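Next come the chains, spelled out residue by residue.
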Amino acid sequence: MLWHLQIDPAPGQLDLAGRRIAADAAELGLPGPWTVGASRGFLIEGPLDRPSVTRAAEAVLVDPVVETYSMRGVDEFQAVASSSTVVHVLPKPGVTDPEAESALALLRDLGLAVENVRTIRTYRVEGPEASLPRLIGRVLANDAVEQAVVGPLPFDRLGQGTSYRFARVEVPILGKSDAELLDISRKGQLHFSLAEFRAVERYFEELGREPTDCELETLAQTWSEHCSHKTLRGRIEFDGRAIDNLLKQTIFGATQRMGLDWLVSVFADNAGVVRFDEDYDVCFKVETHNHPSAIDPYGGANTGLGGVIRDPMGTGLGAKPICNTDVFCVAPPDTPADSLPAGVLHPRRILKGIVAGVRDYGNRMGIPTVNGALVGHPAYLANPLVFCGTVGLIPRGMSTKSVEPGDRIVAIGGRTGRDGIHGATFSSVELTSESESISGGAVQIGNAITEKMVLDVVLQARDRGLFRSITDCGAGGFSSAVGEMGAELGAEVDLDRAPLKYEGLSYTEIWISEAQERMVLAVPPEKWAELRALCESEGVEATDLGRFVDTGRLTLKYHGEVVGDLSMHFLHDGRPAVIRKATFTPVEPKPLELPNQADYTKDLLDILGTWDVCSKEWIVRQYDHEVQARTVVKPLVGVLDDGPGDASVVLPVAGSMRGLAISCGINPRHGLIDPYAMAGCVIDEAVRNCVAVGADPDRIAILDNFCWGNTERPETLGSLVRAAEGCRDVALAYGTPFISGKDSLYNEYTHEGKSLAIPPTLLISAMGQIPDVRKCVTMDLKEAGNLLLLVGETRDELGGSHWAMVRGLEGGDVPRVDPETAPRIFRALYSAISRGLVRSCHDLSEGGLAVALAEMALAGGLGLEAGFGLDHSSSHPASLLFSESPTRFVLEVRPDAVAELRSLFEGLPIGEVGTVTDTPRLVVRHSETTLIDAPLSALKEAWQAPLRW
Amino acid sequence: MPKPRALVLRAPGTNCDEETAFAWRLAGAEAETWHIGRVLGSPDGLDSFQILTLPGGFSYGDDLGSGKILASRLGTVLGDPLRRFLDRGGLVLGICNGFQVLVKAGLLPGAAGLGHATLTFNDSGHFESRWSRLIPTPGLSPFLLDDEPIELPVAHGEGKFVLAEDDALARLESAGQVVLRYADESGRVASTYPANPNGSPGAVAGLCDPTGRVFGLMPHPERHVDPLHHPRWTRRGLDREGDGLRIFRNAVRALGA
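Residues numbered from 1 in each chain as written. Chains lettered and ligands numbered in written order. Predicted model: local features only at pLDDT ≥ 70, side-chain atom pairs only at ≥ 80, totals over all residues. Heavy atoms only, no water.

## Considering the overall build of chain A
Phase 1 of the analysis: Looking only at helices and strands, one finds 31 helices and 40 strands in chain A.
Phase 2 of the analysis: The C-alpha radius of gyration computed for chain A amounts to 29 Å, which stays within 12% of the reference 30 Å derived for 949 residues, consistent with globular compactness.
Phase 3 of the analysis: Considering chain A as a whole, with its 949 residues, one finds that 65% of them fall into the buried category.
Phase 4 of the analysis: The distance from the centre of the 89 positive side-chain charges to the centre of the 129 negative ones in chain A is 2 Å. (Helix = DSSP H or I, 4+ residues; strand = E, 2+ residues; numbered from the N terminus. Rg over C-alpha atoms; globule rule 2.2 N^0.38 Å. Buried < 20%, exposed > 50% of the residue type's maximum accessible area, 1.4 Å probe, protein only. Lys, Arg positive; Asp, Glu negative; His and termini not counted. Charge placed at Lys NZ, Arg CZ, Asp CG, Glu CD.)

Below, the structure is given as structure tokens:
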């Protein structure tokens, strides 16, 4: 018997969900008006009578203070009368439904004979009927993971999935033509190139047999761009010059050449590891989850964060995650709804979804999300970028791992389902307007509590020495995790032992599923019983899947029958090298026509209201940025806790004053003009954000995340080569090592033959160390009467600037770092902050000096008067105010500390630029002309209005 | 006098257990963290503690409503040991999700004839972190000994305290059980957002039971035990102790340590 329990807000309670839906519909420009009533509920199946369902409702499912409920048995489903249209939305069969799982467990605890539960949302909708399908598709449901039913519920039971009947599947490839092979690759979503598929064919020809489906999937996943980074590690012919392994020659190479003694494990494990103090190391990893987030923003971002949290957990013998970061690139959220190409979600919906996805995973894991950024650019319309990062803390000596023959292959955590099949190969191709329908299975659904439980177990097991190696199941699932762990040895896996969410999975689906919240451990046989008991005590499922063996082979079995048998050597080294062509043509320099105007107040207000610059408070406050009680410089700072801090600072070790500053740099607008210069500037931005709060510039480690378009196009790859070279040169000049990184290529969207690519996007994330956090400074102005000093040289670098953007101007020089002077400025500033000479400090980035001054004033609730003397008379006011030259800071200094401060900057560019006042106005003059004059309230309103959602 | 022993109870999804145990130690208690399985497996284990803490987090994912599942599990197994614990003068502190558990389990408000109470979704409709100013009302609860305003962060999506019966809030207030209220900058009880972050009628931020010994609050005292925790320490300096530490100290003192 199937029951529908519908739960509504009690009379007098707000219908928050209904209101939100109606507001979302209006925001997306759907013809309205809409009135929406929203109910939550459950479908409950089992031999239950009405009193039992009543008991279930009243005991656990309904909050009687604020909710009412009604219930219907399956025979009453048709009889529901409503004057409005009724729309039910429920997860598709097989989609993870954590709340339903909890309900099932608890109802069984109560002794109720419940067989199955699914959550359901029910909407009563009034509005223009013609737009109902769009309301459903754009607001009420996400077709990738949910089904919507209009009218009475049409089913009489919940789908259970059908059971699987084993049959070993061979895929005939021997002797096939090129066209046939490519067809097999495309239909199977294997995404082999022809050369790769021919190599596979030759391998099996030598073996004298056809491959199984499972073997092809294993090879496709291991050789995918996502897992092997074959483009950047392959051979690139760049305008007549051959580059073997671009990453090795630029990013890794730079780190190696520095020979720093505080690096512990770089580019070797799931996250890069550096030494923190006598007792601990820290590690950091940033990943992207772009393609899934384009299709299902909530689920994509949710599992994006869930996935990167598992990287530190799977680094060395397991690190404890201590903070998260998130950076989003989306099209401007005010993009007109009718301008969207087919299959593309509105950027406002995407942004709301990804923020909610990060929020719900990070908050539930109990990891503070402390740093982030938002970039708005039209070219992210079909390819939003979602970067999530996690910092972990690991005791020294635990940053390395090993696998010994005979070790058990143990999977712990979530069960395996059909979620995320083909995620690895899906991330390695372009999106099309059909991606949503063909790749829906590539969307994974997260359950943060399962991962938290896994974390609790992993740290205890680590400290008890119960395993020798650990890695996470990310893209490629078991295939990737076991394939990598056993690469040097060999592995035998019994796929039938994997615990499943539901029946019906084939052996191949089990092997490549990207179901979330799973880790794989190499467990010495004598420790297995203790590990199993520990997992049991915490309610975590642990399964012995097989063992690592000294055979050099990956052998997969299903109920004893071999369904895959590959040489590890061929799997990991058999892929033919990718050879790509790259070319780069610099953008023709073009002067930027500077206007002749006196007043720049409106320009400043416009820049404060851009998506990149505006207040992110709406996002930041949805994240718990203080859980674990270690966040000592918050993301929002100032007299009202609403100013934009440069970097957050956390205390990794309770009781110690040694801190970590976390920051980032990103600027695709510069990337469009000069990717080499952009790379230097975003490294500079990440470093200067860290230094601005007090980090030691000689203890900053950075990560790269390259997100580019389709690098099979030579000019796209050429711009990436230039960016990587920029990374190398500036990292070396600064002595700032890269410790880990990731690339996401193919961020393009094709619709009706037209292609839309993202701008070259490089995110640099930085982790800087602070010997004593009590020396940290924040960016909010502190006291009237203090002096403001500008550090760093301002050049006419308005190309790609925010000022040029809001004015609609093109051309101009992009900012470039001065590799000689910049590190000296960083060290001088560090010394000044360490000596307590700086009351506040803010870095200059988008919008230049004018924006930095405005932000300092509105964060501190104090005014300021700034001016440029005669020595600046040759520069144009627009450059003085808005140039985005790197390595610049504004410092607030007490008058009696100025002389000592200046002595630290001997020979470096520094000058007085203004004073702090207690009049709430920002006034900037150039000689006799007033360039900007605005009350703080106007600045703050312009800055806060865009994301006041 | 031996140090009082504080039990920090951890369930799947609990995520503030470490800093809560740290706060107890800082305040002079001995703290142990136990997994719910260990407590349910040996309910008499509670007998060796003087303080029970339900820390913040998302116990069981807050599926079915915040704190609901843990409340249900505690209610079915721990009823008798918990009554014994309270009868011999034990203190119970529920923070954020722990407060939600205490309310859903009926331990708070804990007075007869009030009808049901709950903590439900914030008026804003979503999870929110921010610092709040709070006015304690001393008298009934050993956790709060003066009316000096304190500042603590809140971080929750379901913190709006609602009672089923219309006059129940007035009765709770007159019984002195509403011991912590949200306040604005000038120290007045706050009915409007953002000073009242969730829309709780009566600005209820924390409650105790009629004995005063069971205390639950939405704000996080364990996140303000050091002056560095304060969001404006770079403006006001580091010479003041964290406000949250007082709550833990008061409890330790009340137990005679």
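## Considerations on the domain arrangement of chain A
Phase 1 of the analysis: Along its sequence, chain A is carved into domain 1 (2-150), domain 2 (178-228) and domain 3 (777-949).
Phase 2 of the analysis: One C-alpha centre belongs to domain 2 of chain A, the other to domain 3 of chain A, and the line joining them spans 56 Å. (Domains from an automatic or database assignment.)

## Regarding the sheet that holds strand β24 (residues 631-633) of chain A
Residues and elements named next belong to chain A.
Phase 1 of the analysis: The strand order across the open sheet formed by 6 strands is β24-β27-β28-β33-β29-β30, and the pairing between neighbours is mixed. In the strand order of this sheet, the two ends are held by β24 and β30 (738-744), each with one partner. Going across the sheet, the axis of each strand differs from the next one's by a mean of 25°, ignoring polarity.
Phase 2 of the analysis: Across 8 bridges, strand β29 (residues 700-707) lies against strand β33 (residues 761-770) in antiparallel orientation. The partner of I702 across the bridge, within β33, is A766. (Pairing = 2+ DSSP bridges. Axes fitted to C-alpha atoms, helices over the stretch in contact; angles between N-to-C directions.)

## Side note on the interface of chain B and chain A
Phase 1 of the analysis: Facing the 52 residues of chain B at the interface are 63 residues of chain A.
Phase 2 of the analysis: With both chains or domains summed, chain B and chain A bury close to 4,500 Å², and 54% of this area falls on carbon and sulfur atoms.
Phase 3 of the analysis: Between R10 of chain B and E538 of chain A there is a salt bridge; the shortest N-O distance is 2.6 Å.
Phase 4 of the analysis: Applying the counting criterion to the chain B and chain A interface returns 28 residue pairs in polar contact (both at pLDDT 80 or more). (Contact = heavy atoms within 4.5 Å. Buried area = accessible area lost by both parts, 1.4 Å probe. Salt bridge = Lys/Arg side-chain N within 4 Å of Asp/Glu carboxyl O. Polar contact = N/O pair within 3.5 Å; in protein donor to acceptor, adjacent residues only side chain to side chain.)

## A short note on the nonpolar core
Phase 1 of the analysis: Counting residues in hydrophobic clusters, the biggest one holds 124 residues, and the most contacted among them are L604, L891, L901 and F905 of chain A.
Phase 2 of the analysis: If you look at the next biggest cluster of nonpolar residues, it comprises 93 residues, including W3 of chain A together with W34, L152 and V179 of chain B. (Core = buried A, V, L, I, M, F, W, Y, C linked by side-chain atoms within 4.5 Å.)

## Details of the environment of V391 of chain A
Residues and elements named next belong to chain A.
Phase 1 of the analysis: Inspection of the secondary structure assignment puts V391 in strand β14 (residues 385-395).
Phase 2 of the analysis: Between the C-alpha atoms of V391 and G272, which are 119 residues apart in sequence, the distance is 9.6 Å.
Phase 3 of the analysis: Dropping the residues within four chain positions of it, V391 is found in contact with C283, F284, K320, P321, I322, C323, L660, I662 and M767.

## Some points on the packing of aromatic side chains
Residues and elements named next belong to chain A.
Phase 1 of the analysis: Taken as a whole and assessed by the stated rule, the structure comprises 21 aromatic pairs over all chains.
Phase 2 of the analysis: Seen from their ring centres, Y164 and Y558 are 5.7 Å apart, and the 90° between their planes marks the pair as edge-to-face. Note that Y164 is positioned in the loop between β6 (146-150) and α5 (178-187) and Y558 in strand β21 (residues 553-558), a separation of 394 residues in sequence.
Phase 3 of the analysis: Y164 gets classed as partly exposed once you look at its relative accessible area, which sits at 23%.
Phase 4 of the analysis: In textbook terms, an aromatic cluster arises when at least three aromatic residues are bridged by ring pairs, as seen for F192, F197, Y203, F204, W223 and F570. (Phe/Tyr/Trp six-rings, centres within 6.5 Å; stacked < 30°, edge-to-face > 60°.)

## A look at helix α4 (residues 132-140) of chain A
Residue and element names in this part refer to chain A.
Phase 1 of the analysis: The complete set of buried residues in α4 reads L132, L135, I136, V139 and L140. The arc enclosing the buried residues of α4, seen along the axis, measures out at 110°, which places them on a common side.
Phase 2 of the analysis: Tucked inside the fold, the buried residues of α4 contact α1 (16-27), β4 (85-91), β5 (116-126), β6 and α13 (347-365). (Arc of directions from axis to C-beta.)

## Brief notes about the pairing of strand β39 (residues 921-926) of chain A
Consecutive side chains of a regular strand alternate in pointing toward one face of the sheet and then the other.
Residue and element names in this part refer to chain A.
Phase 1 of the analysis: Of the strand pairs in this sheet, strand β36 (residues 863-868) and β39 are connected by 5 bridges, and their pairing is parallel. Looking at the pairing, G867 lines up with R925 of β39.
Phase 2 of the analysis: Joining the antiparallel neighbours β39 and strand β40 (residues 929-935) is a turn of 2 residues, in which S927 adopts a positive phi near 50°.

## Some thoughts on the pattern of salt bridges
All names here are of chain A.
Phase 1 of the analysis: Throughout the structure, instances matching the rule amount to 80 salt bridges over all chains.
Phase 2 of the analysis: Between E541 and R415 there is a salt bridge, with its nearest N and O atoms 2.9 Å apart. Of the two residues, E541 is situated in the loop between α19 (528-537) and β20 (542-548) and R415 in the loop between β15 (408-413) and α14 (423-426); the sequence distance between them amounts to 126 residues.
Phase 3 of the analysis: Overall, E541 belongs to the partly exposed group, its relative accessible area being 30%.
Phase 4 of the analysis: Via salt bridges that share partners, R235, E237, D244 and K581 belong to a single interconnected network.

## Describing the environment of P9 of chain A
All names here are of chain A.
Phase 1 of the analysis: In this fold, P9 is placed in strand β1 (residues 2-9).
Phase 2 of the analysis: Given a relative accessible area of 28%, P9 falls into the partly exposed group.
Phase 3 of the analysis: Considering only alpha carbons, one finds P9 and R40, 31 residues apart in sequence, at a separation of 9.2 Å.
Phase 4 of the analysis: Discounting residues that sit within four places of it in the chain, P9 has contacts with L14, D15, A38, V66, E67 and T68.

## Considering the pairing of strand β10 (residues 204-208) of chain B
Residue and element names in this part refer to chain B.
Phase 1 of the analysis: Burial analysis of β10 places 5 of its 5 residues in the buried class, which makes it a mostly covered element.
Phase 2 of the analysis: Bridge count between strand β9 (residues 178-183) and β10: 3 bridges; the pairing is antiparallel. From the neighbouring strand, V178 faces β10, where its bridge partner is L207.
Phase 3 of the analysis: Here β10 runs beside strand β11 (residues 214-217); their pairing, made up of 3 bridges, is antiparallel. Across the sheet, the residue bridging to L207 is G216, located in β11.
Phase 4 of the analysis: The antiparallel pairing of β10 with β11 creates a hairpin that spans 5 residues between the two strands, and G212 there sits at a positive phi of about 85°.

## Some details on empty space enclosed by the protein
Residue and element names in this part refer to chain A.
Phase 1 of the analysis: In the structure shown here, the tally under the stated rule is 12 cavities of 30 Å³ or more.
Phase 2 of the analysis: The calculated volume of the largest cavity comes to roughly 760 Å³.
Phase 3 of the analysis: G372, A373, K616, P644 and G645 are the residues nearest the centre of the largest cavity, which is lined by 41 residues in total.
Phase 4 of the analysis: Elements represented by at least two residues in the lining of the largest cavity include exactly β12 (320-330), β13 (369-376), α22 (617-620), β26 (643-644), β28 (659-665), α24 (675-693), β35 (840-843) and α28 (848-860).
Phase 5 of the analysis: Tallied by class, the residues present in the lining of the largest cavity amount to 19 nonpolar, 13 polar and 9 charged. (1 Å grid on protein atoms, 1.4 Å probe; cavity = no way out; pocket = protein on both sides within 12 Å on 5 of 7 lines; lining within 4 Å. Points joined across faces, edges and corners; volume = space filled by probe spheres on them. Nonpolar A, V, L, I, M, F, W, Y, C, P; charged D, E, K, R; others polar.)

## Topic: unusual backbone geometry
Peptide bonds are, in most cases, trans, and in most cases residues other than glycine have a negative phi.
Phase 1 of the analysis: Here the bond from L108 of chain B into P109 of chain B is cis, since omega is 0°, no more than 30 degrees from zero.
Phase 2 of the analysis: Among the structural elements, P109 of chain B can be located in the loop between α4 (97-104) and β5 (117-120).
Phase 3 of the analysis: With an omega dihedral of 0°, the bond running from Y193 of chain B to P194 of chain B counts as a cis peptide bond.
Phase 4 of the analysis: By secondary structure assignment, the location of P194 of chain B is in the loop between β9 and β10.
Phase 5 of the analysis: Not every positive phi belongs to a glycine, and H191 of chain A is a case in point at roughly 55°.
Phase 6 of the analysis: For H191 of chain A, the location among the structural elements is in the loop between α5 and α6 (194-207).
Phase 7 of the analysis: Despite not being glycine, C96 of chain B shows a phi value in the positive range, around 55°.

## Let's talk about the sheet that holds strand β2 (residues 35-45) of chain A
All names here are of chain A.
Phase 1 of the analysis: What the 6 strands build is an open sheet, ordered β3-β1-β2-β5-β4-β6; its pairing is antiparallel. If you trace the sheet from one side to the other, it starts and ends with β3 (67-73) and β6, each paired once. The average angle at which neighbouring strand axes cross in this sheet is 25°, direction not considered.
Phase 2 of the analysis: The sheet contact formed by β4 and β5 spans 5 bridges and is antiparallel. Within the sheet, the bridge partner assigned to V87 lies in β5 and is Y123.
Phase 3 of the analysis: Strand contacts of α1: β2 and β5, with the helix running at about 125° to β2, the strand carrying the most contacts.
Phase 4 of the analysis: Packed on one face of the sheet, helix α3 (residues 98-109) meets β2 and β5 and runs near 125° to β5.

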